[in-house]
Amino acid sequence: MTSPRPRARGALRGRRKYVVVAVALAGMSVAADRAAVAWVEHSTADAFQDAQGLTSEPAVTVHGFPVLTQLAGGTLDRVDIEESDIPAGQDGRRMPVTRLRVQLDRLSRSSDASAAHAASAEATAFVSYQDLSEALGLEVRYSDDSRKGAPRVEADTDLPLVGEATASARVAVAGADTIAFRSVRVEGALPTALKADLSGALERELKLDGIPAGLALKSLTTTPDGVTATLSGKDVTFHTTAGA
């Protein structure tokens, strides 16, 4: 009677070859997908930098696997963008952003790559007290009065014939991309005119720079480290000056 062992060994070798080929193909697929991720992240960073007029290329993270399948479908599930030290523009009362994080969902590009469109987007913009102080021209800090109620910020200034005086204010949403300093309180017994001068120095509106159009301010949080703005929007599109 013929032994089945040689046939069994042949089948086993065949299965091993199949496994080796399958693993190799899977490795090539993963490598190709990682290469696609690197290309998408770089091109998206370049396009976002161009669209927002940033001085440096932001960090971009593409989520989901495989990305090649997402590219074939024309839409990326989620893209996160992070940029630091966004300078203020020169046209009027504008404010730098210390750190910006943007999450873009269902992101697609126009056929000529001159625009990118997200079905929805969320962002947080953090502004340190150093950047806030530079925007206002006053040294701003977290107010000790915050322990008595809603969080506030405060600033000192030198007044003629009086010396140093302190005023505090509440940071509030004033528009889709604008924050304001409201409910100004001036400490100490000062002449009415001087109180008005000090209040006017702090009671200002400032536009956040580097925020994609279509995102609107929803809330502000004032902490001992700075002010954090939360923004969101639907159908957010940013345009590049050249196809990226």
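What comes next is a walk through the structure. (Residues numbered from 1 in each chain as written. Predicted model: local features only at pLDDT ≥ 70, side-chain atom pairs only at ≥ 80, totals over all residues. Heavy atoms only, no water.)

### Section: the environment of Asp 177
No. 1: Of note, Asp 177 is situated in the loop between strand 8 (163–173) and strand 9 (178–186).
No. 2: Those residues in contact with Asp 177, other than ones at most four positions away along the chain, are Leu 206, Lys 207, Leu 208 and Leu 217. (Helix = DSSP H or I, 4+ residues; strand = E, 2+ residues; numbered from the N terminus. Contact = heavy atoms within 4.5 Å.)

### Thoughts on the pattern of salt bridges
No. 1: Scanning the model with the defined rule gives seven salt bridges in all.
No. 2: With a shortest N-O distance of 3.0 Å, Asp 156 and Arg 141 are connected by a salt bridge. With Asp 156 in strand 7 (residues 153–159) and Arg 141 in strand 6 (residues 140–142), the pair connects residues that are 15 residues apart, well separated along the chain.
No. 3: The exposure class of Asp 156 is partly exposed, given its relative accessible area of 22%.
No. 4: In this structure, Arg 182 engages Glu 205 in a salt bridge whose closest nitrogen and oxygen atoms are separated by 2.8 Å. Within this pair, whereas Arg 182 is found in strand 9, its partner Glu 205 is found in strand 10 (residues 205–208), the two being separated by 23 residues in sequence.
No. 5: In this structure Arg 182 comes out as partly exposed when scored by relative accessible area, which is 30%.
No. 6: According to the relative accessible area criterion, Glu 205 is partly exposed, its value standing at 37%. (Salt bridge = Lys/Arg side-chain N within 4 Å of Asp/Glu carboxyl O. Buried < 20%, exposed > 50% of the residue type's maximum accessible area, 1.4 Å probe, protein only.)

### Concerning a nonpolar patch on the surface
No. 1: Where nonpolar side chains cluster on the molecular surface, the patch consists of Trp 39, Leu 68 and Leu 71 and spans about 310 Å² of accessible area.
No. 2: Assignment of secondary structure puts Leu 71 in helix 2 (residues 67–73). (Patch = residues over 30% accessible without salt bridge, like charges linked within 9 Å, V, L, I, M, F, W, Y side chains within 5 Å. Areas by Shrake-Rupley, 256 points an atom, 1.4 Å probe, with all protein chains shown as cover.)

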